[in-house]
Amino acid sequence: MQNCKIISVVGARPNFMKIAPFIKAIDKHNAVLQSGAGKVEHLLVHTGQHYDVRMSESFFTALGIPAPDINLEVGSGSHAEQVGHTMIAFEKVLKEHNPDWVVVVGDVNATLACSVTAKKECIKVCHIEAGLRSGDLSMPEEINRLVTDRLSDLLLTPDLISSENLRKEGVPEEKIRFVGNIMIDTLEANREKAASLDLGQILCNNRFDQSDPSASISVDKDYIAMTIHRPSNVDKQEVLEPLVDFLIREVSKEFKLVWTVHPRTMKQLKSFGLWKKIEQNSNIVLLQPLGYHEMLKITMGASIMMTDSGGLQEECCVLGIPCLTMRWNTERPVTLMEHGGASILVGNDIALIRNAYHTAISQKTQPSRPELWDGHTAERCLAEILKANAPTH
Ligand code: UD1
């Protein structure tokens with residue numbers, strides 16, 4: 001077997017859970033080699049899109065990801081700024097290291113920027129989590145997915161619907177491989193540790209208001225968990241304000257609401273003058289962005305998850321937690337109730353959210369595991385890359 005040099009790329013929080021098992025699979029592969037032949041040489045590049053300890057470093061520590069070999073330090077900015085700065089910096093990395101493959105995951109700006117740069121340098125690209133389609137071009141992630149998939153040499157899909165999406169777009173069959181969902185590898189490897197954590201402790205350690213560190217927070221067994229960050233939900237006051245009113249006037253009257261607040265959302269809540277209103281409500285617990293295990297523990301115990309995160313949609317599906325997906329469409333239809341999953345699309349329409357919320361609270365959802373969401377996707381990803389890397393004659 002010939003050696004293979006891989007550069008894999010991460011940029012933003014949802015990438016870290018996807019790269020952790022992939023790096024473990026590489027280590028495992030190298031550890032069992034009899035000789036040096038067939039070795040995978042691996043470099044991890046972090047574009048630096050997410051840089052706060054809570055948005056980045058804490059995941060490296062919690063998930064045992066080695067420190068990035070190279071950090072491009074692009075930071076925040078407009079889409080063009082993030083993508084442009086990433087491309088300029090990543091091109092230099094490729095020229096210096098000249099890998100056989102660049103592996104990108106998910107659909108963030110790093111995914112797009114690095115796949116385009118690699119193709120222009122004539123380096124093969126593998127996309128893990130290929131073929132997801134929301135059909136909604138107003139989402140930056142949909143643009144990132146379309147471009148990345150169009151350019152990739154190897155498209156590793158999480159479910160059969162995604163494989164079919166690629167076929168419909170004319171992607172040749174030999175480039176498509178159905179491998180399962182790599183995020184579920186991380187879920188399976190960490191759910192026991194998450195379950196052992198103390199909920200009250202998580203709330204105390206991570207709330208925004210640390211003025212009285214000794215004050216305890218109690219949460220009954222029925223609580224609602226929430227996290228939103230999509231521009232379509234948080235960037236417009238006319239959307240965010242009615243939602244906040246609904247949470248204060250209705251949800252918090254019946255249940256404790258545990259809201260983990262993304263930096264984008266906090267910025268917007270403050271700029272619309274909504275932050276104080278929420279902070280003053282004793283039934284709403286506002287938490288800073290959580291580590292992987294802490295968020296998983298909160299999710300596992302919730303009566304309902306209200307979210308616009310794609311990853312949480314998938315985790316709720318496997319855990320059997322009813323998930324009100326605050327989007328009008330999803331690139332992950334396999335997680336929807338009509339496909340046996342736990343998620344209902346509610347957009348940001350209060351009437352719809354209210355209806356779904358009352359239905360979900362009174363209904364038990366069974367955990368559902370789409371095909372190959374079995375905790376072994378990373379090994380299949382690496383095997384497919386090595387197969388594609390082998391000389392054909
Ligand atoms: C990005 C991804 C989105 C993903 C999300 C997960 C793109 C196009 N979007 O959106 O797909 O679901 O990450 O979190 O790639 N900020 C901080 N600290 C940080 C990072 C960001 O305070 O470490 C703040 C900055 O004010 C920044 C804002 O959050 O402007 C938004 O960050 P950005 O990376 O532009 O997009 P996300 O909304 O996080």
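In this report, the structure presented in the accompanying data block is examined. (Residues numbered from 1 in each chain as written. Predicted model: local features only at pLDDT ≥ 70, side-chain atom pairs only at ≥ 80, totals over all residues. Heavy atoms only, no water.)

## Side note on helix H8 (residues 199-206)
So, step 1. Among the residues making up H8, those that are buried are Ile202, Leu203, Cys204 and Asn206.
So, step 2. Buried positions along H8 lie against strand S9 (256-260), strand S10 (284-287) and helix H13 (292-301).
So, step 3. Taking the backbone nitrogen of Gly200 as reference, a side-chain oxygen 3.4 Å away marks Asp198 as the first, capping residue of H8. (Buried < 20%, exposed > 50% of the residue type's maximum accessible area, 1.4 Å probe, protein only. Helix = DSSP H or I, 4+ residues; strand = E, 2+ residues; numbered from the N terminus. Contact = heavy atoms within 4.5 Å. Polar contact = N/O pair within 3.5 Å; in protein donor to acceptor, adjacent residues only side chain to side chain.)

## Thoughts on the sheet that holds strand S8 (residues 223-227)
Sheet strands pair by backbone hydrogen bonding; their relative direction is either parallel or antiparallel.
So, step 1. Ordered in space as S10-S9-S8-S11-S12-S13, the six strands form an open sheet in which the pairing is parallel. Each edge of the open sheet carries a strand with a single partner, namely S10 and strand S13 (343-345). Strand-to-strand twist of the sheet, defined as the mean angle between neighbouring strand axes without regard to direction, takes the value 20 degrees.
So, step 2. Across four bridges, S9 lies against S10 in parallel orientation. The partner of Val258 across the bridge, within S10, is Val285. (Pairing = 2+ DSSP bridges. Axes fitted to C-alpha atoms, helices over the stretch in contact; angles between N-to-C directions.)

## Describing empty space enclosed by the protein
Rolled over the atoms, a probe with the dimensions of a water molecule shows which regions are left empty.
So, step 1. Evaluated as defined, the whole model comprises one cavity of 30 Å³ or more.
So, step 2. Looking at the largest cavity, the residues that line it are Ile128, Glu129, Leu156, Thr157, Pro158, Gly180, Asn181 and Ile182.
So, step 3. Residue composition of the lining of the largest cavity, by class: four nonpolar, three polar and one charged. (1 Å grid on protein atoms, 1.4 Å probe; cavity = no way out; pocket = protein on both sides within 12 Å on 5 of 7 lines; lining within 4 Å. Points joined across faces, edges and corners; volume = space filled by probe spheres on them. Nonpolar A, V, L, I, M, F, W, Y, C, P; charged D, E, K, R; others polar.)

## Thoughts on the site of the ligand
So, step 1. Taken together, 19 residues surround the ligand, and among them His50, Asp52, Glu141, His229 and Arg264 come closest.
So, step 2. In this structure, Tyr51 approaches the ligand through a main-chain N or O atom, which is 2.9 Å from an oxygen atom.
So, step 3. For the ligand, an oxygen atom lies 3.3 Å from a polar atom in the side chain of Gln82.
So, step 4. Structurally, the ligand is housed in the largest pocket.
So, step 5. At the level of secondary structure, the elements contributing two or more residues to the shell around the ligand comprise helix H3 (79-97) and helix H11 (263-271). (Near = heavy atom within 4 Å. Sits in = over half its atoms within 2 Å of the grid points.)

## Some details on the state of the cysteines
The term disulfide refers to a covalent linkage connecting the sulfur atoms of a pair of cysteines.
So, step 1. Enumeration over the complete set of coordinates arrives at zero disulfides.
So, step 2. Of the cysteine sulfurs around Cys114, a residue in no disulfide, the closest is that of Cys126, at 14 Å.
So, step 3. For Cys114, a relative accessible area of 0% gives the class buried.
So, step 4. Free cysteine Cys316: the closest other cysteine sulfur is in Cys323, separated by 4.3 Å.
So, step 5. Cys316 gets classed as buried once you look at its relative accessible area, which sits at 0%. (Disulfide = S-S within 2.5 Å.)

## Let's talk about the sheet that holds strand S6 (residues 154-157)
So, step 1. With parallel pairing, the seven strands of this open sheet are ordered in space as S3-S2-S1-S4-S5-S6-S7. Of all the strands in the sheet, the pair left with one neighbour each is strand S3 (70-71) and strand S7 (176-178).

## Thoughts on the layout of surface pockets
So, step 1. Of the voids in this model, the largest pocket is the one considered here, and its volume is about 1,200 Å³.
So, step 2. Around the largest pocket, the lining comprises 47 residues; the ones closest to its centre are Pro14, His50, Met55, His229 and His262.
So, step 3. Taken together, the elements giving at least two residues each to the lining of the largest pocket come down to helix H1 (13-31), H3, helix H5 (140-151), H11, H13 and helix H14 (310-319).

All quantities given are derived from atomic positions and should not be read as evidence of function.
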